[in-house]
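What follows is each chain in one-letter form.
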Amino acid sequence: MIDKFRESFKEEASELLAELETALLDLEASPEDTELIGRVFRAMHTLKGSGAMFGFDDIATFTHEVETVFDLVRNGVIPVSRELINLTLAARDQVKGMLQADEGTGTWDSAVTTEITVSLKKLAAGSIQADVNCQTGTEVTNSQVSSSESTLSGDELTTAKQFDPSSEGVTYRIRFAPVENIFMNGTNPVSLLNELRGLGHCCVVAQTRNIPSLTKINPESCYLFWDVVLTTTCGINAIQDVFIFVEDDCELKIEQMQVGTGDISGDYRKLGEILVERGDLSTEDLGKTLSGMKRIGEVLVESGLVTPDRINSALTEQNHAKLLIKERQSQEVAASIRVPAEKLDILVNLVGELVTVQARLSQTAALKNESILTSIAEEVERLTGELRDNALNIRMLPIGSTFSKFQRLVRDLSNELGKEVEMTTEGAETELDKTVIERLSDPLVHLIRNSIDHGVELPEIRTAAGKDRKGTVHLTAVHSGDSVLITIKDDGAGLDKDAIRRKAVEKGLIQENAEMSEKEIYSLIFAPGFSTAQKVTSVSGRGVGMDVVKRAIDALRGTIELSSKRGNGTTITVRIPLTLAIIESLLVKIGDDRFVLPLSIVDECVELSRTDIANAHGRNLASVRGRLIPYIPLRERFRVTGEVPDIQQIVITRIDGIQVGFVVDHVIGEHQTVIKSLGKMYKNIEGISGATILGDGDVALILDIQQLARREELAERLAGGHRELLAA
Amino acid sequence: MADFKVMQANGNESRVVTICGKLTIPHAQDIKVALIEVLAMTKHIELDLKEVTDVDLTGIQLLCALHRDTVNLKKKLSVSGNSNELFSDFSAASGFPRHIGCVAGEQCIWGGGGN
């Protein structure tokens, strides 16, 4: 049981750490933003509290130190500085290390903890004494903050902000209704009330109406709830922070009150209105009590002060506001639930199976031609379609979480390299399948590292070239059909065409006199062997070959393209399918076998007659509207026997911006393909990336178009080399 | 339970009840039992709290419940010894002083109230 709680703490903690990192980076950009300071503080506060609760004492102690400093920042005692952000980021990483050490996947050094703590304290020193010990609001004596209360309340009281009644604060109405067993988990509501008093001018009323008679009372339960009116300059977040540890154990309502500036003693609301507003008296009961009197509207109309239509209008406004509030409340109730990813994977797998069976049902219905069966099949098809979309949708996550990780990368890397780089992002809300996001992260890290390392120049060089000292890397994500386009654009030096060409010749990738377009030259950097490193990892990075990045993108059935202008920067465009589970595809036939091609890369289909083949004189080239397009005869590649039809079809695809055709016997049509892996035995077969089960129960292989094209290219190159050797 | 004790001094119509020690959660059950007993025995309870050394919300709740029961049973409760620093500080901190007593027409034992 305890382990389960610890697990859930770790899960929560990693989310908090991510939130912390984002907030810190944002804070660095806008140091005056009190909301961001609040976010950092709350993340630390929660880490500390939950950490202590689940026995992560090291984390609790450490985060306490950081939280203390941020409390001072929150109260305006310490300004946000780069040093503070650096230290806090380091602290965040240290906490992450501590968590990983607990899982056995890492280690942490207590010396670093001490070092960070000492540096933070040093930073805070000298500015603390100015702002301590300011008891405010009603007279709470120190004796009330007894030692039995949590250290939290003590700390917070000592750093509480001095409330100046003459300054303009905001007045809140707070209802705090703890659950009955609140005493059992060691919470003392009075200490929370004292914390509220520390925030400003505060009136507290304990509500005792739920206390039962002596015979019925459970003396260890809490029957009290509190109404608090608090005027403070600290903001609603500070109030919420007070209840941060009991938010699941209480009903908390915080409302901002419309108290006019300054004068409360004058014409404040009527008693009835306040009671109604607080929910202590229903409007009906108030109405009943007041039934002896005429309604205010009627009185006003009779006296001729207000016309009936104006009364109606005011009533409409009232209703509108009520509806709005109700709507907002119901939105708040619609919460989310946390489900393990494996459960979703199982769901998606099952839906995949269902889609396959449904296809069989539709096919059978079509064959039988029975109207009842057909109508059932159609209904099942519609429902399965919706179910499929919904199931896939559940696994969709916004790519923004990955983006924020890159912010940190850019910051650290540019510091390390002495460059000034700013990362801007667009489309963080774009959604992608969870698995895709996870597998996309590392390749993107490398692309961004490349942009900063090799693209963006040093500040001096940029200035000399008439550019802004600060370089930018712009990251965008946008939906495009059934894929997402991710672009990484830098305003750095751009690619050096000649240097790439030289290196490619040096490595034997191209002939010295090869005729190549600019695009083809750029795509050489993705060629295997252009660089030597083998594996993509999130920590290494520099020196890692772009071919590895390309392989990772290929594995996601994605494509990568590159454009660059010398001196102006480079743009890398990655196209990734939304999901890996089910794809829209094109079903084709060669002999008796059927194959599937991902529809996203198909441009068009054209016919290939015997005459066309004869006209090409043995070269695999087809002329399509005046353009020559190379093609791969799949029948030959897969050694399919049998008679070749008179007219074959070329499926023209676009791979890395280059058109390549694939010759098949017959194009059957579009197909919803549920991807099944081929299992360990056939995992590494070239040219095939998976399989799918067709409606009639047959298996169709999914073609790995990129790999097929690459292999063909290689064969061509080797053949070229042969020819040269023979000629020599 | 050395740090908590309820003493009673008899009289036919009224009974003086002195609570000594800690009026807190560890003793809440015992306090409840003692108060029920007293309530059944007499029409007028004179509660003396000056010997109380500590109080928490559970203690206050029990006294409120007793107060309410006496009102409902048309009995009488008078409280003394609750005007010391301990009680005034604690009831102020926990928000007990009020304008109107919680039982209609009755004065609140924590100060203020009455019609």
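Bear in mind that the values here come from a model prediction, so they are computed numbers and not experimental data.

## Considering the overall build of chain A
Phase 1 of the analysis: Within chain A, the regular secondary structure consists of 23 helices and 21 strands.
Phase 2 of the analysis: Among the 728 residues that make up chain A, the fraction classed as buried is 33%.

## A few points about the sheet that holds strand β13 (residues 593–598) of chain A
Residue and element names in this part refer to chain A.
Phase 1 of the analysis: Reading across the sheet, the 5 strands line up as β19-β12-β13-β21-β20 and stay open at both edges, with mixed pairing between neighbours. Two strands bound the open sheet, and with one partner strand each, they are β19 (666–674) and β20 (688–693). Ignoring strand direction, the axes of neighbouring strands in this sheet form an average angle of 35°.
Phase 2 of the analysis: Alignment of strand β12 (residues 582–590) against β13, held across 6 bridges, turns out to be antiparallel. Counted as the bridge partner of L587 is V596 from β13.
Phase 3 of the analysis: Contacts between helix α13 (residues 341–368) and the sheet are confined to β12, β19 and β20, with β19 contributing the most and set at about 145° to the helix.

## Brief notes about the confidence of the model for chain A
Residue and element names in this part refer to chain A.
Phase 1 of the analysis: On average, residues of chain A score 78 in pLDDT, and 82% of them reach the 70 mark or higher.
Phase 2 of the analysis: Low confidence marks residues 260–267, where pLDDT is under 50. Its contacts with residues over four positions away, or in another chain, come to 2 contacts.
Phase 3 of the analysis: Low confidence marks residues 532–543, where pLDDT is under 50. Its contacts with residues over four positions away, or in another chain, come to 21 contacts.

## Comments concerning the interface of chain B and chain A
Phase 1 of the analysis: Between chain B and chain A, the contact holds 24 residues from the first and 26 residues from the second.
Phase 2 of the analysis: At the level of elements, α1 (28–41), α2 (57–72) and α3 (85–93) of chain B are the ones that each hand at least two residues to the side of chain B that touches chain A.
Phase 3 of the analysis: Ranked by residue count, the leading element in the side of chain B that touches chain A is α2(B), at 9 residues.
Phase 4 of the analysis: Its residues assigned to classes, the side of chain B that touches chain A comprises 14 nonpolar, 5 polar and 5 charged.

## Considerations on the confidence of the model for chain B
Residue and element names in this part refer to chain B.
Phase 1 of the analysis: Summarising the model, chain B shows a mean pLDDT of 79, and 79% of its residues fall at 70 or more.
Phase 2 of the analysis: Per-element mean pLDDT across chain B ranges from 69 in strand β1 (residues 4–9) up to 89 in α2.
Phase 3 of the analysis: This prediction of the complex comes with two scores: 0.48 for pTM and 0.90 for ipTM.

## Considering the pairing of strand β17 (residues 647–655) of chain A
Residues and elements named next belong to chain A.
Phase 1 of the analysis: Two elements, strand β14 (residues 602–609) and β17, share 7 bridges in a ladder whose sense is antiparallel. Considered in β17, the bridge of V606 is made with I650.
Phase 2 of the analysis: Where β17 folds back on strand β18 (residues 658–664), the antiparallel hairpin that results is connected by 2 residues, among which D656 adopts a positive phi of roughly 50°.

## A look at the sheet that holds strand β6 (residues 421–426) of chain A
Whenever strands of a sheet pair, they do so through backbone hydrogen bonds, lying parallel or antiparallel.
All names here are of chain A.
Phase 1 of the analysis: Ordered in space as β6-β8-β9-β11-β10, the 5 strands form an open sheet in which the pairing is mixed. Either end of the sheet is taken by a strand with one partner, and the two such strands are β6 and β10 (559–565). Averaged over all neighbouring strand pairs, the angle between strand axes comes to 15°, with direction disregarded.
Phase 2 of the analysis: Taken together, the 7 bridges between β10 and strand β11 (residues 569–577) define a ladder with antiparallel strand orientation. When the sheet's bridge partners are listed, K565 is paired in β11 with G569.

Thresholds applied
Residues numbered from 1 in each chain as written. Chains lettered and ligands numbered in written order. Predicted model: local features only at pLDDT ≥ 70, side-chain atom pairs only at ≥ 80, totals over all residues. Helix = DSSP H or I, 4+ residues; strand = E, 2+ residues; numbered from the N terminus. Buried ≥ 20, exposed ≤ 12 C-beta atoms within 10 Å, placed from the backbone. Pairing = 2+ DSSP bridges. Axes fitted to C-alpha atoms, helices over the stretch in contact; angles between N-to-C directions. Contact = placed C-beta atoms within 7 Å. pLDDT = per-residue confidence, 0-100. Nonpolar A, V, L, I, M, F, W, Y, C, P; charged D, E, K, R; others polar.

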